[in-house]
Amino acid sequence: MILDIVTYPAASLKEKCVPVTEITDEIRQLAADMLETMYEAPGVGLAAPQVGRNIRMLVMDPAAQDEEKQPRVVINPELTLSEETVLSRQEGCLSVPLNYRADVQRAERVHLRYMDLDGKIVEEDLDGFAAIVIQHEADHLDGTLFIDRIGRLRRSLYDTRVKKWLKRKG
């Protein structure tokens, strides 16, 4: 089932999410619906708060369009970031309206520890685009949007555009 995506400036996107304590049929169904929603949008990642659920779960698929799909369900992620950074060029978000994009500093590599849908703990090292995607989506679980990581002036200009857009939208 395609879910509605919550968009900025919704206050719920600023909330810190609670851990998932048990893998239930409801969690499995939510994961399936989130993957379907992410692919339909289309996007490469989607966090539970983006679909109105305040839990520490996200889905992602960093595969390029011409590659075979690599869907992942990540529950209660813990990230250890490398000190080396890379510039994520033209990062965007399904919850940030007006197709706004900006360059964001991200860690070049990430050690990821999480639980999968079978309740198994998984650890892996990610780099490149996958590292950027997991950082972006994990930020959502802490109430952070990528626009919170850009300069104050660019953010102010974006906020002004959104206010005008919301006013016109009625």
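Cut-offs applied
Residues numbered from 1 in each chain as written. Predicted model: local features only at pLDDT ≥ 70, side-chain atom pairs only at ≥ 80, totals over all residues. Heavy atoms only, no water. UniProt positions renumbered as here; feature names shortened; annotations may be inferred. Helix = DSSP H or I, 4+ residues; strand = E, 2+ residues; numbered from the N terminus. Contact = heavy atoms within 4.5 Å. Buried < 20%, exposed > 50% of the residue type's maximum accessible area, 1.4 Å probe, protein only. Expected span 1.5 Å × (residues − 1). Arc of directions from axis to C-beta. Pairing = 2+ DSSP bridges. Axes fitted to C-alpha atoms, helices over the stretch in contact; angles between N-to-C directions.

**Q** Residue-level account of the UniProt feature "binding site: Fe cation" (unreviewed entry) in the protein chain, with values.
**A** Here the UniProt feature "binding site: Fe cation" (unreviewed entry) sits at Cys 93, His 136 and His 140. For this annotated set, covering 48 residues, all C-alpha atoms fall within 10.3 Å of each other, a compact arrangement in space. Secondary-structure assignment places Cys 93 in the loop between strand E4 (85-91) and strand E5 (102-107). Every residue in contact with Cys 93, bar those within four places of it in the chain, is listed here: Gln 50, His 136, His 140 and Phe 146. With respect to the helices, strands and loops of the structure, His 140 is situated in helix H2 (residues 128-141). With a relative accessible area of 1%, His 140 lands in the buried category. In this view, His 140 contacts Glu 15, Cys 17, Ala 47, Pro 49, Gln 50, Cys 93 and Leu 145; residues no more than four positions away in its chain are not counted.

**Q** For helix H1 (residues 25-40), give the residues involved together with the corresponding values.
**A** In this model H1 runs 22 Å from its N-terminal to its C-terminal C-alpha over 16 residues, within 8% of the 22 Å that 1.5 Å per residue would give. Within H1, burial applies to Ile 27, Leu 30, Ala 31, Asp 33, Met 34, Leu 35, Thr 37 and Met 38. Tucked into the core, H1 has its buried residues touching strand E1 (45-47), strand E2 (57-60) and strand E3 (72-81).

**Q** Quick one: what's the story with helix H3 (residues 152-169), residue by residue and with numbers?
**A** Given a rise of 1.5 Å per residue, 18 residues ought to cover 26 Å, and the 25 Å separating the end C-alpha atoms of H3 matches this to within 8%. The complete set of buried residues in H3 reads Arg 155, Tyr 158, Asp 159 and Val 162. The buried residues of H3 occupy one face: seen down the axis, they fall within an arc of 105°. Within H3, the exposed residues directed more than 90 degrees away from the buried face are Leu 153, Leu 157, Lys 163, Lys 164, Lys 167 and Arg 168.

**Q** Please provide a residue-by-residue account of the sheet that holds E2, values included.
**A** Consider a sheet: its strands pair through backbone hydrogen bonds, and that pairing is either parallel or antiparallel. The strand order across the open sheet formed by 5 strands is E1-E2-E3-E6-E7, and the pairing between neighbours is antiparallel. Only two strands of the sheet have a single partner each, and these edge strands are E1 and strand E7 (121-127). Averaged over neighbouring strand pairs, the angle between their axes works out to 40° when direction is ignored. By the bridge criterion, 5 bridges tie E3 to strand E6 (residues 109-115) in an arrangement that is antiparallel. Residue pairing for E6: Thr 80 is matched across the bridge by His 111. Docked against the sheet, H1 engages E1, E2 and E3, running at close to 40° with respect to E2. The sheet strands contacting H2 are E1, E2, E3, E6 and E7, and the helix crosses E2 at an angle near 150°.

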